[in-house]
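The lines below spell out each chain.
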Amino acid sequence: MEKKPIVKLQNLTKVIGKKKLIDDLSLDLYAGQITGFLGPNGAGKTTTIRMMTGLMKPTSGEVFVDGQAISTHFEEAISKVGVIVENPEMYKFMSGYKNLLHFARMNKDVTKARIDEVIAQVGMQNRIHEKVCTYSLGMRQRLGLAQALLNRPKFLILDEPTNGLDPAGIREFRMYLRKIAEEEGVSIFVSSHLLAEIELMCDRIAVIQNGKLISIREVKEEEESHYYMEVSPKEKVEAFLSSKNISTEVLGNGFVVQLSSEDVPVLVGEMVANNLQLFQINPHRKSLEDQFLELTGGGQIAESHKK
Ligand SMILES: Nc1ncnc2c1ncn2[C@@H]1O[C@H](COP(=O)(O)OP(=O)(O)OP(=O)(O)O)[C@@H](O)[C@H]1O
Ligand SMILES: [Mg+2]
């Protein structure tokens, strides 16, 4: 993965009246990576995205896209960004294809071949010549995605893209986003107030609360470092683990421990040699909600799909 970020948010701050909507927010976004922007209603997700797309001027701080500052090189910077807002604007009585053609005409670099390519990328080949008003919400979202991809953006922003989609629609949308990140090497930034959804969709999660970025986590790293082990006798195992400086957290008939994957077979061997019984050891991921509660001491993130 490229080390240089495609997008850089640098000390972004937005003050309106006496209220600090966004407070010194810095974040780097990388090619091929899907970053989730998670926060409860009113946290400042849309406000941040508005500043990233030049719709709102930051009070201080800067947004760089591919090295170009939005405030001083808007045209160049924004030409690399694809944006999908909650409801992509489409001509309902035209076919999906004609809609794409219409958008393509606004940009001389978009060829017919590229239109066909994005249609395939979002799996719309079979329905693309039907009128948009016959599409389901999920299909409209995918058409919006196709449109945003037309001019090969390096960076794609989606503000709450799955609002209103059912679980199957969300799964499908997620699959297409993943494919696009991989095939086109696009950096994708997707906001949501739904932790379960963000957890499944993203490689990395940035949590925002009251306008402040309170954590950035890699999703995969998390998966690898925590293991759940069911053991007996618990007291002896706990003493053994603590003698090896492995911190434990009690869960059911065992412990959650933090290990690297190479340490697992070594530890299992040592436990067997010490007559400790191991019934199972599995990767364990703390739910994002637990992490969030730990971080904020009780801040809330909506769990349901209602707004
Ligand atoms: N133009 C404005 N003037 C004053 N306050 C604003 C303005 N725009 C947004 N806010 C406030 O800024 C805060 C952040 O709003 P924002 O829309 O960015 O939140 P969000 O994280 O996108 O929430 P949601 O999940 O509901 O979409 C809210 O308290 C909102 O009321
Ligand atoms: Mg919002």
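Shown above is the structure to which this text applies.
Residues numbered from 1 in each chain as written. Chains lettered and ligands numbered in written order. Predicted model: local features only at pLDDT ≥ 70, side-chain atom pairs only at ≥ 80, totals over all residues. Heavy atoms only, no water.

**Here we look at the site of ligand 1**
Now for step 1: By nearness alone, 13 residues border ligand 1, and Lys19, Gly42, Lys45, Thr46 and Thr47 come closest of all.
Now for step 2: Between ligand 1 and the protein, one listed contact pairs an oxygen atom with a backbone N or O atom of glycine 42 at 2.7 Å.
Now for step 3: The backbone of alanine 43 places a nitrogen or oxygen atom 3.2 Å from an oxygen atom of ligand 1.
Now for step 4: In isolation ligand 1 offers 640 Å² of accessible surface; the protein chains occlude 63% of this area.
Now for step 5: Those elements giving two or more residues to the shell around ligand 1 turn out to be strand S2 (19-29) and helix H1 (45-52).
Now for step 6: Per-element accounting of the shell around ligand 1 gives the leading share, three residues, to H1. (Near = heavy atom within 4 Å. Polar contact = N/O pair within 3.5 Å; in protein donor to acceptor, adjacent residues only side chain to side chain. Areas by Shrake-Rupley, 256 points an atom, 1.4 Å probe, with all protein chains shown as cover. Helix = DSSP H or I, 4+ residues; strand = E, 2+ residues; numbered from the N terminus.)

**Quick word on the packing of helix H5 (residues 137-149) against helix H6 (residues 167-184)**
Now for step 1: Orientation of H5 relative to H6, taken along the N-to-C sense of each, is 15 degrees, at an axis distance of 11 Å. With respect to H6, the axis of H5 lies roughly parallel. Crossing of H5 against H6: the hand is right-handed. For the pair H5 and H6, contact is made by Gln141, Arg142, Leu145 and Leu149 and by Glu172, Phe173, Tyr176, Leu177 and Ile180, respectively.
Now for step 2: Classifying every residue of the contact of H5 with H6 by side-chain character gives six nonpolar, one polar and two charged. (Axes fitted to C-alpha atoms, helices over the stretch in contact; angles between N-to-C directions. Parallel < 35°, antiparallel > 145°, perpendicular 65-115°, else oblique. Left-handed = near helix turned anticlockwise from the far one by under 90°. Contact = heavy atoms within 4.5 Å. Nonpolar A, V, L, I, M, F, W, Y, C, P; charged D, E, K, R; others polar.)

**Side note on the sheet that holds strand S14 (residues 277-283)**
Now for step 1: Pairing within the open sheet is antiparallel, and its four strands lie in the order S12-S13-S11-S14. On the outer flanks of this sheet lie strand S12 (248-251) and S14, each paired with one strand and no other. Sheet twist, expressed as the average angle between the axes of neighbouring strands with direction ignored, equals 25 degrees.
Now for step 2: In this sheet, strand S13 (residues 254-258) lies alongside S12 in antiparallel orientation, the contact comprising four bridges. Residue pairing in the sheet places threonine 248 in a bridge with valine 257 of S13. (Pairing = 2+ DSSP bridges.)

**Quick look at the sheet that holds strand S1 (residues 7-16)**
Now for step 1: With antiparallel pairing, the four strands of this open sheet are ordered in space as S2-S1-S4-S5. Either end of the sheet is taken by a strand with one partner, and the two such strands are S2 and strand S5 (68-69).
Now for step 2: Alignment of S1 against S2, held across seven bridges, turns out to be antiparallel. For lysine 8, the partnering residue across the bridge sits in S2 and is aspartate 28.
Now for step 3: Set on the sheet, H1 makes contact with S1, S2 and strand S4 (60-65); between it and S1 the angle comes to about 115 degrees.

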